[in-house]
Amino acid sequence: MITPNDIATKDFKKVAVGYSPEEVDTFLDDLYEDYERLYAETKNEKVQVEETSSQTEQITNLQKTLERTLTLAEAAAEETKAAAKAESEAIIQNAKLQAEEILQSARTKTYELEQEMAALQNRYELMRTRVKLLLYAEIELLDKNEILAEKDEVRKASE
């Protein structure tokens, strides 16, 4: 590639028939200035393109990193959700088991209390019957004592 310095230092051979050296020098000076400006702009644009390319690469890397992070976060969220669901199911299952144990315990206690109540009722009936029998026996004794007392009175009166 031709540099502005190549243009500035270029020497042409002089011939008898040809172009005006002043016009050629003026044109070359103008060409030199324009070329130098374009050359500098091109260098600056290359630097900007490289910087933009570097920034684009960084942004691309950042985007990939963010995508991976998002994927990992989504996976972690799904794992957390699954773990929470499993834990809630375990808690519900445990609660059901405890409820069943409490119900079974209550049924057992109810049965025991019903048995105790039946036993107490049987005992009450037995005691009631005994007291009645005892009272009947006492009444019978009283009746016999009255009869004996009357017989004694009649015997005493007859004597």
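Throughout, a residue's number is its position along its own chain's written sequence, starting from 1. Local features in a predicted model are, by the rule used here, given only for residues with pLDDT of at least 70; side-chain atom pairs are given and counted only at 80 or more, and totals for whole chains, interfaces and linings are based on all residues. Only hydrogens and water are set aside when side-chain values are computed; all heavy atoms of the structure are taken into account.

Peer 1: Sorry if this is basic, but what is going on with the overall build of the chain here?
Peer 2: Secondary structure elements follow DSSP: runs of H or I no shorter than four residues count as helices, runs of E no shorter than two count as strands, and numbering proceeds from the N terminus. Within the chain one finds two helices and zero strands. The C-alpha radius of gyration computed for the chain amounts to 63 Å, which surpasses the reference 15 Å derived for 159 residues by more than 25%, pointing to a less compact arrangement than a globule. Relative accessible area decides the class of each residue, using a 1.4 Å probe on protein chains only: under 20% of the type maximum gives buried, over 50% gives exposed, and in between gives partly exposed. By residue count, 2% of the 159 residues in the chain fall in the buried class. Accessible surface computed for the chain: about 15,000 Å², of which carbon and sulfur atoms make up 58%. The sign given to each residue is positive for Lys and Arg and negative for Asp and Glu; His and the chain ends receive no count. Lys charges are placed at NZ, Arg charges at CZ, Asp charges at CG and Glu charges at CD. Averaging the coordinates of the 21 positive side-chain charges in the chain and doing the same for the 35 negative ones gives two points 14 Å apart. To get the radius of gyration, use the C-alpha atoms; to get the globule rule, take the number of residues to the power 0.38 and multiply by 2.2 Å. Surface accessibility follows the Shrake-Rupley procedure with a 1.4 Å probe radius. Residue values consider only the protein chains on display as shielding.

Peer 1: What's the story with a nonpolar patch on the surface in this structure? I'm lost.
Peer 2: Taken together, the side chains of Leu133, Tyr136 and Ile139 make up a nonpolar region of the molecular surface, amounting to roughly 340 Å² of accessible area. Relative to the helices and strands, tyrosine 136 resides in helix H2 (residues 21-158). For tyrosine 136, a relative accessible area of 53% puts it in the exposed group. Each patch is built from residues that are more than 30% exposed by relative accessible area and take part in no salt bridge. Like charges join if they lie within 9 Å; nonpolar side chains (Val, Leu, Ile, Met, Phe, Trp, Tyr) join within 5 Å. By convention in these notes, a salt bridge is any Lys or Arg side-chain nitrogen within 4 Å of a carboxyl oxygen on Asp or Glu.

Peer 1: Help me understand the layout of surface pockets in this model?
Peer 2: Vacant regions in the atomic arrangement are exposed by a probe of water-molecule size rolled over the atoms. Cavities and pockets are defined on a 1 Å grid built over the protein atoms alone: a cavity is a set of grid points where a 1.4 Å probe fits but cannot escape, while a pocket is an open set with protein on both sides within 12 Å along at least five of seven lines, and lining residues are those with an atom within 4 Å of any such point. Grid points are joined across faces, edges and corners, and a volume is the space filled by probe spheres set on the points. Here the largest pocket defines a volume of roughly 460 Å³. What lines the largest pocket is a set of 19 residues, among which Phe12, Lys14, Pro21, Val24 and Asp25 lie closest to the centre. Mapped by element, the contributors of at least two residues to the lining of the largest pocket are helix H1 (4-9) and H2. Here the lining of the largest pocket takes six residues from H2, the largest share from any one element. Residues belonging to the lining of the largest pocket are distributed by class as follows: 11 nonpolar, two polar and six charged. Under the scheme applied, nonpolar residues are Ala, Val, Leu, Ile, Met, Phe, Trp, Tyr, Cys and Pro; charged residues are Asp, Glu, Lys and Arg; polar residues are all the others, including Gly.

Peer 1: So what exactly am I meant to see when it comes to the pattern of salt bridges here?
Peer 2: For the coordinates displayed, the defined rule picks out five salt bridges. With a shortest N-O distance of 4.0 Å, aspartate 34 and arginine 37 are connected by a salt bridge. With a gap of three residues between them, aspartate 34 and arginine 37 both fall in helix H2, about one helical turn apart. By relative accessible area, arginine 37 is classed as partly exposed at 44%. Between arginine 155 and aspartate 152 there is a salt bridge, with its nearest N and O atoms 2.5 Å apart.

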